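# Commentary on secondary and tertiary structure
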Amino acid sequence: MTGSAPVRPFVGRADELRRLDVGLTSALGGRAVTFLLSGEAGVGKTRLVEEFGSRAADRGAAVLVGGCLDVEEGRLPFGPFAEALRGHVRTLGADVQAALGGGELAVMVPERGPGNRDAAPTRALVQGQLFELVLGLLGRLATGTPLVLVVEDLHWSDRSTRDLLVFLIRNLRSERVLLVATYRTDELYRGHPLRSFFAELERIRRLDRVDLRPLSREETAEMVAGITGRAAGRGLADSVFARSGGNPFFAEELVAAGAADGAIPRTLREILVARVDQLSPSAQELLPVVAAGGRQVSDPLVAAVSGVPEDARLTALR
């Protein structure tokens, strides 16, 4: 089997969807709620957000999505908020845009500020003014239609995006707004700025964390059946589950490439190699030893086989 992978069916996640639905009910009733949605790369965060977004739209909410980019330099301040709001404002009529007020609208979507060419650019605003304007804009937008605002890939966010997100989480109260921020747990290296960000959020009661786990064997078999269009035999389901670890993206790529028992598909190989390249030289040197030990391997065994001194070994393993 060759070509691009088919869109995988939505499988499992009943509890996660239920929690998001309950949060949406609160937002529709005038009580803002925030969800932090976490999980490893490929575990299905975006797929869950898409499924929930469809359900939210059916309940009358507008779904706004913006994402952080994996770039080393030149990150656009407030990039995901600008992306999300720009896409939403484009759907509004000119009369609605005018009713919002040029000053507020021009904060995040300057090209859509109706007739307000004298509005101060974002960088010239004092941070407090800017944040208050965005808060007011979201509140006014949500007066007519409830909002689900999604910020994806928060692990790649810049400081301005995180600061604005904290401000909104703390200050959105009676607005009909549901915030969802997603991030990869496997990107949070020691000293990652999100760690202090999370510590700051711990005291906020209107915050709910949803940690996505890999699929079970039964759910993986259901997904394989949805991709292939036929019931998955026990051998195929077991093989895909064992090789993917229940990661939906990995499982999908394995099935699409017909590689449930064979070589790693090119897409997955490139992803894995890229991740290995990010490791330190000492970690890369120790990786083959750990990999040969299987899914779980004891430190004494790694020490005996590798011969790496304890301090260096623990650092590399970490």
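Residues numbered from 1 in each chain as written. Predicted model: local features only at pLDDT ≥ 70, side-chain atom pairs only at ≥ 80, totals over all residues. Heavy atoms only, no water.

A tally of helices and strands in the protein yields 15 helices and five strands. When each of the 318 residues of the protein is scored for burial, the buried share is 42%. Residue pairs at least 24 apart in sequence account for 71% of intrachain contacts in the protein once pairs closer than 6 positions are excluded. (Helix = DSSP H or I, 4+ residues; strand = E, 2+ residues; numbered from the N terminus. Buried < 20%, exposed > 50% of the residue type's maximum accessible area, 1.4 Å probe, protein only. Contact = heavy atoms within 4.5 Å.)

Moving on, we get to helix 9 (residues 217-228). With 12 residues, helix 9 extends 16 Å between its outermost C-alpha atoms, agreeing within 8% with the 16 Å of an ideal straight helix rising 1.5 Å per residue. One or two residues past the end of helix 9 sits G229, with phi positive at roughly 85°. (Expected span 1.5 Å × (residues − 1).)

On to the packing of aromatic side chains, then. The tally for this structure, following the rule as stated, stands at five aromatic pairs. Where F131 meets F167, the ring centres are 5.4 Å apart and the plane angle is 45°; that geometry is what we call tilted. Pair noted here: F131 is in helix 6 (residues 127-144) and F167 is in helix 7 (residues 159-171), with a separation of 36 residues, a long-range link. Here F131 and F167 have matching classes, each one buried. Plain terms: the ring middles of F249 and F250 are 6.2 Å apart, the flat faces sit at 55° to each other, and that makes the pair tilted. Residue classification places F249 among the partly exposed residues on the basis of a relative accessible area of 22%. Residue F250 is classed as partly exposed on the basis of its relative accessible area of 24%. (Phe/Tyr/Trp six-rings, centres within 6.5 Å; stacked < 30°, edge-to-face > 60°.)

A word on the packing of helix 1 (residues 14-28) against helix 2 (residues 45-58). Where helix 1 contacts helix 2, the axes come no closer than 11 Å and their chain directions differ by 40°. In terms of orientation, helix 1 and helix 2 fall into the oblique class. Between helix 1 and helix 2 the crossing geometry is right-handed. On helix 2, the residues that touch E16, L17, L20, D21 and L24 of helix 1 are L48, E51, F52, R55 and A56. (Axes fitted to C-alpha atoms, helices over the stretch in contact; angles between N-to-C directions. Parallel < 35°, antiparallel > 145°, perpendicular 65-115°, else oblique. Left-handed = near helix turned anticlockwise from the far one by under 90°.)

Let's shift gears to the sheet that holds strand 3 (residues 147-152). The strand order across the open sheet formed by five strands is 2-3-4-1-5, and the pairing between neighbours is parallel. Each edge of the open sheet carries a strand with a single partner, namely strand 2 (62-67) and strand 5 (207-211). Each adjacent strand pair in this sheet contributes to an overall mean axis angle of 15°, direction not counted. Its contacts with the sheet put helix 6 on strand 3 and strand 4 (177-184), and the angle it makes with strand 3 is roughly 135°. (Pairing = 2+ DSSP bridges.)

Let's shift gears to the nonpolar core. With 41 residues, the main nonpolar core has L168 and L201 as its most contacted residues. Among the elements of the structure, strand 2, helix 3 (79-89), helix 6, strand 3, helix 7, strand 4 and helix 8 (193-201) are those that each provide at least two residues to this core. Looking at which element gives the most residues to this core, the answer is helix 6, with eight residues. The residues touching L201, leaving out its near neighbours within four places in the chain, are L36, V166, I169 and L207. V33, L37, F52 and V180 belong to the second-largest nonpolar core, a separate cluster that totals 19 residues. (Core = buried A, V, L, I, M, F, W, Y, C linked by side-chain atoms within 4.5 Å.)

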